[in-house]
Amino acid sequence: MKTSSCQSGSMAPIPARISPPRAMRTYGLTLMACSALVSALTSLMIKFMARRGVSTFEIIFYQRLFQWAVNFSFLLLSRVPFDTWWGSSFEHRFWLSLRGLFGFFALACGYWSVAHLSLSDAYTIRSATPLVCGALSCFLLNEQWPVVEIGASITATVGVWLALHGPYTRGGQGYNPSDMVIAVCAPFFAGASFVALRKASRVHKTHPLVIVNFFAMFTVLLSLPMDFILAQSGIPRGDFARGFPGSSFHLTEWGLVMLISLSAFSSQFLLTVGLQRERAAPASVVMLVGIPGSFALQHLFVKGEVLTVESILGGLILTLSIAAVGIRRCREKQEEARRLDSTDKTVGYSSLQKGRDLHPRCNGHKKSNSGVHGNGASGYAYAAVLRKAN
């Protein structure tokens, strides 16, 4: 960086705030796009498992059991203190437990909707989670809910309504009303789990592995009794009522279970790595690539599920609504970064100007025993800043 000396009367420029390199940001966005596509692929495999008569809760049980085992191994290797594995206080454990409970119901409702609705409609409805989070944060965390996000939530509601009512407008049988309600509950439970996680983070700083540990624990422990209750109510939803879960699995079912576990873990891993290289606002826009991905997967691999104009239009409306919110947040972050850069430059130039005025070579003062004449050691401190800049 080219600088000028203090004798010339000009000051050295202050370096701008460092931002991630373009290549790193592109790499992060690519990883998050891959995460969304892998998530859509996971939904496709869940659809295959459901068509083979496997219970929704059986899929959850084996998938999260695998995740719990992997996370437990990471907890041991990362040397996280054992007394923090289950929370640091009663309030902390309470919010982590709520996060695990709501997360389990969000996962169950999402998987149920994939099994009983079309693949694209189920994925589209589940993608409305960011808008639900904004609404719940306003009412439960006293955060702002901008007008743009309110309008996006209203238009997204129209998109969800179109996705759910596509079969009716085409003269088909339509979805079961209870399945439609369960599908709509998925983003609300997911939003509630994120709010609980925010509350837990405010109480105490929580290690990510501890959060995953609570989530996996609740999903594994609750999936067994939930499937048993459904079986006792006369709804044949799996093998739990007939014996040990998975007792009637063949090689294909076990292979799909392992693929679902690996793909879900890979999707979360790619998202985590991507968020380390790019901000969350652009990520919310890039993750929308999963919606057209689910439409493509349904068209190519799911027999008997025809894409309707209403479903495509509903997915498009929801995608544009979430994209509008994400773009707005990106612009807010850019404006905030520009304000911070302007403030840094103003403060930096003021400090350098004061150091130049106090430096004996710049203003002709003579050095005294106590430092710069009339200012003591502070003058030399500012002069050191000036020398370092030059």
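The structure displayed is predicted, hence computed values, not measured ones. (Residues numbered from 1 in each chain as written. Predicted model: local features only at pLDDT ≥ 70, side-chain atom pairs only at ≥ 80, totals over all residues. Heavy atoms only, no water.)

K.L.:
Explanation requested: the overall build of the chain in the structure shown.
P.N.:
Broken down by element type, the chain carries 14 helices and two strands. By the burial criterion, 43% of the 390 residues in the chain qualify as buried. (Helix = DSSP H or I, 4+ residues; strand = E, 2+ residues; numbered from the N terminus. Buried < 20%, exposed > 50% of the residue type's maximum accessible area, 1.4 Å probe, protein only.)

K.L.:
What is the right way to look at the state of the cysteines in this model?
P.N.:
The term disulfide refers to a covalent linkage connecting the sulfur atoms of a pair of cysteines. In the structure shown here, the tally under the stated rule is zero disulfides. With no disulfide of its own, Cys109 has Cys185 as its nearest cysteine by sulfur position, at a separation of 5.4 Å. (Disulfide = S-S within 2.5 Å.)

K.L.:
Can you help me understand the confidence of the model for the chain in this one?
P.N.:
Caution applies to low-pLDDT parts of the model: their predicted coordinates are not meant to be read in detail. On average, residues of the chain carry a pLDDT of 78, and 75% of them reach 70 or more. Across residues 236-244, where pLDDT falls below 50, the model places 27 contacts with residues more than four positions away in sequence or in other chains. Long-range and interchain partners of residues 364-390, a stretch whose pLDDT sits below 50, account for 35 contacts in this model, where long-range means more than four residues apart. (pLDDT = per-residue confidence, 0-100. Contact = heavy atoms within 4.5 Å.)

K.L.:
Could you clarify how one ought to interpret a nonpolar patch on the surface in this entry?
P.N.:
The grouping of Phe74, Leu77, Phe265 and Phe269 at the surface amounts to a nonpolar patch, some 440 Å² of accessible area in total. Mapped onto the nonpolar patch, the elements with two or more residues apiece are α2 (56-77) and α9 (251-275). For Phe265, the location among the structural elements is in helix α9. Accessibility expressed as a relative area gives 33% for Phe265, which makes it partly exposed. (Patch = residues over 30% accessible without salt bridge, like charges linked within 9 Å, V, L, I, M, F, W, Y side chains within 5 Å. Areas by Shrake-Rupley, 256 points an atom, 1.4 Å probe, with all protein chains shown as cover. Salt bridge = Lys/Arg side-chain N within 4 Å of Asp/Glu carboxyl O.)

K.L.:
Sorry, what's going on with the nonpolar core here?
P.N.:
The nonpolar side chains of a soluble globular protein tend to be buried, and buried together. Among the nonpolar cores identified, the biggest contains 47 residues, and Met49, Phe57, Ile59, Ile60, Leu117, Leu131 and Leu164 are the most heavily contacted of them. Each residue touching Ile60, except ones within four places of it in the same chain, is listed here: Leu65, Phe104, Leu107, Ala108, Tyr111, Thr219 and Ser223. (Core = buried A, V, L, I, M, F, W, Y, C linked by side-chain atoms within 4.5 Å.)

K.L.:
Help me understand the pattern of salt bridges in this model?
P.N.:
Two side chains bearing opposite charge may form a pair once their charged atoms approach each other closely. Scanning all chains against the criterion turns up seven salt bridges. Glu305 is paired through a salt bridge with Lys47; the nearest N and O atoms lie 2.7 Å apart. Here Glu305, found in the loop between α11 (290-301) and α12 (309-358), pairs with Lys47, found in helix α1 (residues 22-51); they are 258 residues apart in sequence, far enough to count as distant. With respect to class, Glu305 is no different from Lys47; both count as buried. For Glu305, the salt bridge identified is with Arg51, shortest N-O distance 3.7 Å. Here Glu305 is found in the loop between α11 and α12, whereas its partner Arg51 is found in helix α1, with 254 residues between them in sequence. Overall, Glu305 belongs to the buried group, its relative accessible area being 15%. Judged by relative accessible area, which is 48%, Arg51 ranks as partly exposed. Where salt bridges share partners, they join Lys47, Arg51 and Glu305 into one cluster.

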